[in-house]
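Chain and residue survey
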Protein chains: 2
Amino acid sequence: MIVSKKSKYAMRAVFSLAKRFGESPVKIADIAEEQSIPPRFLEVILSQLKQGGFVDSRRGSEGGYYMVTPPDQLSVGKILRFFDALKEPVECMGDNPKEKCDLKANCVFMPLWENLSAAISGVFDSTTFQDLILKEKEKKECGAKSLFYVI
Amino acid sequence: MIVSKKSKYAMRAVFSLAKRFGESPVKIADIAEEQSIPPRFLEVILSQLKQGGFVDSRRGSEGGYYMVTPPDQLSVGKILRFFDALKEPVECMGDNPKEKCDLKANCVFMPLWENLSAAISGVFDSTTFQDLILKEKEKKECGAKSLFYVI
DNA sequence: ACCATGTCAATAAACTTAGTCGAGAAGGAG
DNA sequence: CTCCTTCTCGACTAAGTTTATTGACATGGT
């Protein structure tokens, strides 16, 4: 898959924390349970998110993790890129390609990879976590309305 | 990467055969050399392409592989999808998801995965191997022109 | 002092990717 | 009919990546 399990966990964790932006810290164990993420794996993930400057933490009782970046200023793309999930579509692209290719500019496939790369970025960079939070609220409301009308 | 080495080998092999559509069979060894693909790996790939009905083969001397599908009727997407390289962006999507998710329709991330899936398909389904062949010809002409003007 | 929590580095199991190998089957030329 | 050439098939291996798990440690609050 393009988006690994780990990256999805990261997104869910960030989503969870983003909803509580400005509130008191949330324990790893709580996020893990809420989002069904293996707690000790989440530990690793949150630690990386902290390294990335997206979240911060406090130890001791009443400790936990909390959002640093406001949800409306954090795109999904930033998280995915940080977790290296938004890699180049092929190894021969980028400034420092793993797989070297002599063709480069003359490769007939290159425009394809470039379009792909742009299309993917387009999708992820245009959605912030604030958007997702709003979407969830909408869904809940629609769900309620739906229940009302269905009967 | 989204597109594995194997899938890229497959694309190059198909590209190579597509250029000779209607001509006599090409030996694995020749394609391998022309496209810098490990011969015995290419063997596996071509055999799968045959299974998929994209190419056919003949044994014995003067044998080899040849294109069945005309280049203008074969999109890049068809090959990538066949090689499972164009998987769903996440495991929880599709009709028969590997990773089951209770949220499904209510998942806030789902629209993201759907947009992504559509964007990727859009890129790959809109290019045929005929397009690539034409592009290569253009590039060669431009290259010649360029040489002419540069001096 | 103690307990609750985050922190860190190492490790392991499962899976995927990339590639290899040897023996065999089928077509064509002589 | 026999030999050579080429494809065919299935198993195998090596390396890398992903998905965690573990135990010992550090730190903050009461």
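Quick caveat, the model's predicted, so the values are computed rather than measured.

Turning our attention to helix H1 (residues 5-19) of chain B. All names here are of chain B. The end-to-end C-alpha distance of H1 is 21 Å, a good match for the 21 Å that 15 residues give at a rise of 1.5 Å each. Counting buried residues in H1 gives twelve out of 15 residues, a clear majority hidden from the surface. Of all the positions in H1, only Ser7, Lys8, Tyr9, Ala10, Met11, Arg12, Ala13, Val14, Phe15, Ser16, Leu17 and Ala18 are classed as buried.

This part takes up the environment of Lys19(A). Residues and elements named next belong to chain A. Looking at the element boundaries, lysine 19 is found in helix H1 (residues 5-19). Here lysine 19 falls in the partly exposed class, since its relative accessible area comes to 32%. For the pair lysine 19 and leucine 134, spaced 115 residues apart in sequence, the C-alpha to C-alpha distance is 9.8 Å. Those residues in contact with lysine 19 that lie beyond four places of it in its chain are Glu34, Ile133 and Glu136. Here the side chain of lysine 19 touches glutamate 136 through a polar contact of 3.3 Å, side chain to side chain.

The next thing to look at is the relation of the copies chain B and chain A. Mapping chain B onto chain A calls for a rotation angle of 180° and an axial translation of 0.0 Å; the resulting RMSD is 0.1 Å. Taken together, these values place the two copies in the relation of a two-fold axis. Taken as a fraction of all interface residues of chain B, those also at the interface in chain A reach 100%, which identifies the copy contact as same-surface.

Of the residues lining the interface, 35 residues belong to chain B; the matching set on chain A comes to 35 residues. Between chain B and chain A the total buried area reaches about 3,200 Å² when both faces are included, carbon and sulfur atoms providing 76% of it. It is Met1(B), Val108(B) and Phe109(B) that lose the most area in chain B upon contact with chain A, and together they represent 19% of the buried surface on that side. In this structure, the connection of chain B to chain A is made through zero salt bridges. Secondary structure elements with two or more residues in the side of chain B that touches chain A: H1, helix H5 (110-125) and helix H6 (129-150) of chain B. For the side of chain B that touches chain A, the element with the highest residue contribution is H5(B), accounting for nine residues. When its residues are assigned to classes, the side of chain B that touches chain A shows 22 nonpolar, three polar and ten charged.

Residue and element names in this part refer to chain A. By the element assignment, glycine 22 lies in the loop between H1 and helix H2 (28-35). With relative accessibility at 72%, the residue glycine 22 sits in the exposed group. Separated by 48 residues in the primary sequence, glycine 22 and proline 70 place their C-alpha atoms 8.7 Å from one another.

Residues in close proximity to DNA strand D total 25 residues, the closest being Arg40(A), Arg59(A), Glu43(B), Lys50(B) and Tyr65(B). Across the atoms of DNA strand D situated within 4 Å of the protein, the share located in sugar and phosphate is 57%. In this structure, a phosphate oxygen belonging to DNA strand D sits 2.8 Å away from a side-chain N or O atom of Lys27(B). In this structure, a phosphate oxygen belonging to DNA strand D sits 2.2 Å away from a side-chain N or O atom of Tyr65(B). Listing elements by their share of the surface near DNA strand D, those giving two or more residues are H1 and helix H3 (39-51) of chain A together with helix H3 (39-51), strand S1 (55-58) and strand S2 (64-67) of chain B. Among the residues forming the surface near DNA strand D, the class breakdown is six nonpolar, seven polar and twelve charged.

What counts, and at which threshold
Residues numbered from 1 in each chain as written. Chains lettered and ligands numbered in written order. Predicted model: local features only at pLDDT ≥ 70, side-chain atom pairs only at ≥ 80, totals over all residues. Heavy atoms only, no water. Helix = DSSP H or I, 4+ residues; strand = E, 2+ residues; numbered from the N terminus. Expected span 1.5 Å × (residues − 1). Buried < 20%, exposed > 50% of the residue type's maximum accessible area, 1.4 Å probe, protein only. Contact = heavy atoms within 4.5 Å. Polar contact = N/O pair within 3.5 Å; in protein donor to acceptor, adjacent residues only side chain to side chain. Least-squares fit on C-alpha atoms with pLDDT ≥ 70 in both. Buried area = accessible area lost by both parts, 1.4 Å probe. Salt bridge = Lys/Arg side-chain N within 4 Å of Asp/Glu carboxyl O. Nonpolar A, V, L, I, M, F, W, Y, C, P; charged D, E, K, R; others polar. Near = heavy atom within 4 Å.

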